[in-house]
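Analysis of the macromolecular model
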Amino acid sequence: VSLEQLKNKEDSILMACQMEQVEIPKIENEEADDMETDDAKNYDFSVLPRKLRDAKSEEAKSAAGQNFEVQERTLKADLERIAPNLRPTDHLDEIQARVTQINKDFDEARTRATEASEAFEEIRKERTERFMKCFNQIANKIDEVYKDLTKSQAYPLGGTAYLSLESQEDPFLSGIKFNAMPPTKRFRDMEQLSGGERTVAALALLFSIHYFRPSPFFVMDEIDAALDNINVGKVSSYIQSRAPDLQTIVISLKDSFYEKADALVGIHRDHSVDASRVLTLDLSQYGEE
């Protein structure tokens with residue numbers, strides 16, 4: 001092998017090392033710099049193992065070269081298996097674009113969530129205001145209505161009824177407590193009242209709601225079923241006193257309601273045709289007597 005070929009091989013190796021960023025150690029001293037020429041370079045072989053430095057024969061050098069090639073192939077296989085990204089900047093723009101889009105989507109979602117939360121709070125506030133307006137008006141009216149339904153000559157003041165919220169802070173988390181105390185009766189839960197007393201209390205609540213949100217008319221089906229004649233007279237008198245603001249259709253079998261009605265509608269069976277017939281009677285043309 002000629003010296004020129006060896007020099008070309010050396011240059012090729014140096015070029016490959018430079019491209020692969022492999023640093024070759026050199027002797028760092030002034031004497032070595034003075035000795036360095038174009039034909040010879042001073043490399044520092046002290047970092048090599050002694051076995052390689054002492055290799056003189058061609059066989060030893062060949063074996064060392066083969067050993068290096070095996071180590072090189074092993075390292076390359078490890079690099080390929082690990083698959084490091086040696087050019088991360090190629091995907092940087094794509095990743096930055098994705099991050100920007102994700103941040104934009106996040107900001108939009110956060111804005112929508114904030115708007116939804118604010119809208120919910122507005123609706124919740126309006127709902128509470130409407131409910132409290134209705135509750136306060138009914139609660140203020142129910143005692144008056146209950147007194148009108150229960151008062152008599154013996155007890156001119158009548159009974160007492162009131163509504164209360166179980167939760168003042170958020171009325172929708174709990175219920176509404178309704179208590180009624182008939183004349184001469186002490187305080188007790190609604191479940192402990194008699195059927196007639198509960199009926200009068202329920203009618204007081206119904207008529208109180210009518211003050212807040214009037215309806216065109218009421219249809220009452222046998223509301224007097226649990227009432228005695230005295231309470232039937234009180235309820236019918238109250239309904240009559242509220243006319244014409246309170247129009248009612250009462251289904252009843254008791255004469256006390258008939259006496260206070262403006263008109264009667266009766267249903268009977270006609271055996272001649274085997275069908276039901278309707279009879280009507282206008283009582284407004286007759287006097288109170």
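Residues numbered from 1 in each chain as written. Predicted model: local features only at pLDDT ≥ 70, side-chain atom pairs only at ≥ 80, totals over all residues. Heavy atoms only, no water.

1. Considerations on the overall build of the chain
Scanning the chain for helices and strands turns up 8 helices and 6 strands. Overall, the chain shows an N-to-C arrangement of helices and strands of α-α-α-α-α-β-β-α-β-α-β-α-β-β. Classification of the 289 residues of the chain by burial places 20% in the buried group. Taking the intrachain contacts of the chain between residues at least 6 apart in sequence as the baseline, contacts between residues at least 24 apart amount to 46%. (Helix = DSSP H or I, 4+ residues; strand = E, 2+ residues; numbered from the N terminus. Buried < 20%, exposed > 50% of the residue type's maximum accessible area, 1.4 Å probe, protein only. Contact = heavy atoms within 4.5 Å.)

2. Considerations on the confidence of the model for the chain
Regions with low pLDDT carry predicted coordinates that are not meant to be interpreted in detail. On average, the chain scores 83 in pLDDT, and the residues at 70 or more come to 90%. Scored below 50 in pLDDT, residues 32-40 shows 6 contacts in the model against residues more than four places distant or in partner chains. (pLDDT = per-residue confidence, 0-100.)

3. A closer look at the packing of aromatic side chains
Under the defined criterion, the tally for this structure stands at 4 aromatic pairs. On the basis of an interplanar angle of 15° and a centroid distance of 6.1 Å, the ring pair of F131 and F135 is categorised as stacked. Here the residue F131 and the residue F135 both occupy positions in helix α5 (residues 92-150), the gap between them amounting to 4 residues, near one helical turn. With a relative accessible area of 10%, F135 lands in the buried category. When its relative accessible area of 22% is taken as the criterion, F131 is described as partly exposed. An aromatic cluster is defined as three or more aromatic residues linked by ring pairs; in this entry it consists of F131, F135 and F172. In this arrangement the basic side chain of K141 is found over the ring face of Y211, its NZ or CZ atom lying 4.3 Å from the centre. (Phe/Tyr/Trp six-rings, centres within 6.5 Å; stacked < 30°, edge-to-face > 60°. Lys NZ or Arg CZ within 6 Å of the ring centre and 35° of its normal.)

4. Looking at helix α6 (residues 195-212)
Taking 1.5 Å of rise per residue, 18 residues should cover 26 Å, and α6 covers 26 Å from first to last C-alpha, within 8% of that figure. Listing the buried residues of α6 in full gives G196, E197, T199, V200, A201, L203, A204, F207, S208, H210 and F212. On its buried face, α6 is in contact with α5, β2 (176-181), β3 (218-221) and α7 (229-241). (Expected span 1.5 Å × (residues − 1).)

5. What to know about the side chain of S252
Among the structural elements, S252 can be located in the loop between β4 (248-251) and α8 (255-260). Here K254 takes part through its backbone nitrogen, which lies 3.1 Å from a polar atom of the side chain of S252. When sequence neighbours within four positions are dropped, the list of residues in contact with S252 reads D224, F257 and Y258. (Polar contact = N/O pair within 3.5 Å; in protein donor to acceptor, adjacent residues only side chain to side chain.)

6. A short note on the layout of surface pockets
The volume enclosed by the largest pocket comes to roughly 2000 Å³. I13, C17, F45, L48 and F68 are the residues nearest the centre of the largest pocket, which is lined by 33 residues in total. Among the secondary structure elements, those contributing two or more residues to the lining of the largest pocket are α1 (3-19), α3 (50-53) and α4 (58-82). The element contributing the most residues to the lining of the largest pocket is α4, with 12 residues. Broken down by class, the residue content of the lining of the largest pocket amounts to 19 nonpolar, 3 polar and 11 charged. Of the pockets and cavities examined, the second largest pocket occupies roughly 810 Å³. Breaking the lining of the second largest pocket down by element, the ones donating at least two residues are α7, β4, α8 and β5 (263-270). By residue class, the composition of the lining of the second largest pocket is 16 nonpolar, 6 polar and 2 charged. (1 Å grid on protein atoms, 1.4 Å probe; cavity = no way out; pocket = protein on both sides within 12 Å on 5 of 7 lines; lining within 4 Å. Points joined across faces, edges and corners; volume = space filled by probe spheres on them. Nonpolar A, V, L, I, M, F, W, Y, C, P; charged D, E, K, R; others polar.)

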